[in-house]
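Notes for the structure review
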Amino acid sequence: MRQDSDADFGSFDFMAVKIRMKRIGAKNTPVYRIVVADGRSPRDGKFIEELGTYQPLKKGDNFTLNLGRAQYWVSKGAQPSETVASFIKKASKAAAAGA
């Protein structure tokens, strides 16, 4: 039996939660869902919550994002991918400009 109380954290499994994109589009027609997922799950595997979509071939406003839920997950420690982080930044600027 260990006497060290700090060592008890080693017994917990902390889930590395990521905010990333999941591909759902057909061949040569990429469409992505922006999802919150466990970092260990595959790219197109199961996810915790869907936050929005991204259509790279569409001109202009090509992504949707539930900014409130994205900020909630980031506050809980979820790590956004580089692309999703740029979407969060753009959506935050658009929300600030619109308010």
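The structure under discussion appears in the preceding block.
Description of the structure in this document. The numbers attached to residues start from 1 for each chain and follow its sequence in the written order. Confidence filtering applies because this is a predicted model: local features only for residues at pLDDT of at least 70, side-chain atom pairs given and counted only at 80 or more, and all residues used for totals across whole chains, interfaces and linings. Water and hydrogen atoms play no part in the side-chain values, which are based on all heavy atoms of the structure.

Turning next to the side chain of Ser41. Summarising the element assignment, Ser41 is placed in the loop between strand E2 (32-38) and strand E3 (49-54). Throughout this description, a polar contact denotes any pair of N or O atoms lying within 3.5 Å of each other; where both atoms belong to protein, one of them has to be capable of donating a hydrogen while the other can accept it, and for residues adjacent in sequence the pair is counted only when both atoms sit in side chains. One polar contact links the side chain of Ser41 to the main-chain carbonyl oxygen of Asp38, over a distance of 2.8 Å. Within the structure, the side chain of Ser41 is placed 3.5 Å from the backbone oxygen of Lys46, a separation counted as a polar contact. Whether two residues touch is decided by their heavy atoms; if any such pair falls within 4.5 Å, the residues are in contact. Discounting residues that sit within four places of it in the chain, Ser41 has contacts with Arg20 and Lys46. The numbering of helices and of strands both runs from the N terminus, where a helix is a DSSP run of H or I of at least 4 residues and a strand a run of E of at least 2.

The next subject is the packing of helix H1 (residues 67-75) against helix H2 (residues 82-98). Helix-helix packing is characterised by the crossing angle of the two axes and by the distance between the axes. In contact at an axis separation of 10 Å, H1 and H2 are set at 125 degrees when each is read in the N-to-C sense. Relative to H2, the element H1 is oriented oblique. For the element pair H1 and H2, the recorded crossing hand is left-handed. Side by side, H1 and H2 meet where Leu67, Ala70, Gln71 and Val74 of the first sit next to Ile88, Ala91, Ser92 and Ala95 of the second. Here the residues of the contact of H1 with H2 are counted per class, giving 6 nonpolar, 2 polar and no charged. Axis definition: a line fit to C-alpha positions, over the contact stretch in the case of helices; interaxial angles, taken between N-to-C directions, run 0 to 180 degrees. Here roughly perpendicular refers to angles of 65 to 115 degrees, roughly parallel to angles under 35, roughly antiparallel to angles over 145, and oblique to all remaining angles. In a left-handed crossing the near helix is turned counterclockwise from the far helix by less than a right angle, and in a right-handed crossing that turn is clockwise. Any residue that is not Ala, Val, Leu, Ile, Met, Phe, Trp, Tyr, Cys, Pro, Asp, Glu, Lys or Arg is counted as polar, Gly included; the first ten are nonpolar and the last four charged.

Moving on: H1. An α-helix turns once every 3.6 residues. As a result, residues three or four positions apart point the same way. All of the buried residues along H1 are Leu67, Ala70 and Trp73. The buried residues of H1 occupy an angular sector of 125 degrees when the element is viewed end-on, so they sit on one face. Close packing links the buried residues of H1 with strand E1 (17-23), E2, E3, strand E4 (63-65) and H2. A positive phi of about 105 degrees marks Gly77, the residue just after H1. Only protein chains enter the accessibility calculation, which uses a 1.4 Å probe; a residue whose area is less than 20% of its type maximum is buried, one above 50% is exposed, and one in between is partly exposed. Summarising the geometry, the arc corresponds to the directions from the helix axis toward the C-beta atoms.

This part is about the pairing of E1. The side chains of a regular strand alternate between both faces of the sheet. By the criterion of burial, E1 is predominantly enclosed, with 5 of the 7 residues buried. Pairing of E1 with E2, which is carried by 7 bridges, proceeds in the antiparallel orientation. Bridging from a neighbouring strand, Val17 pairs with Asp38 of E2. In the sheet, E1 pairs with strand E5 (residues 79-80) via 2 bridges, with the strands oriented parallel. Bridge pairing links Lys18 to Gln79 in E5. Between any two strands, at least two bridges found by DSSP are needed for them to pair.

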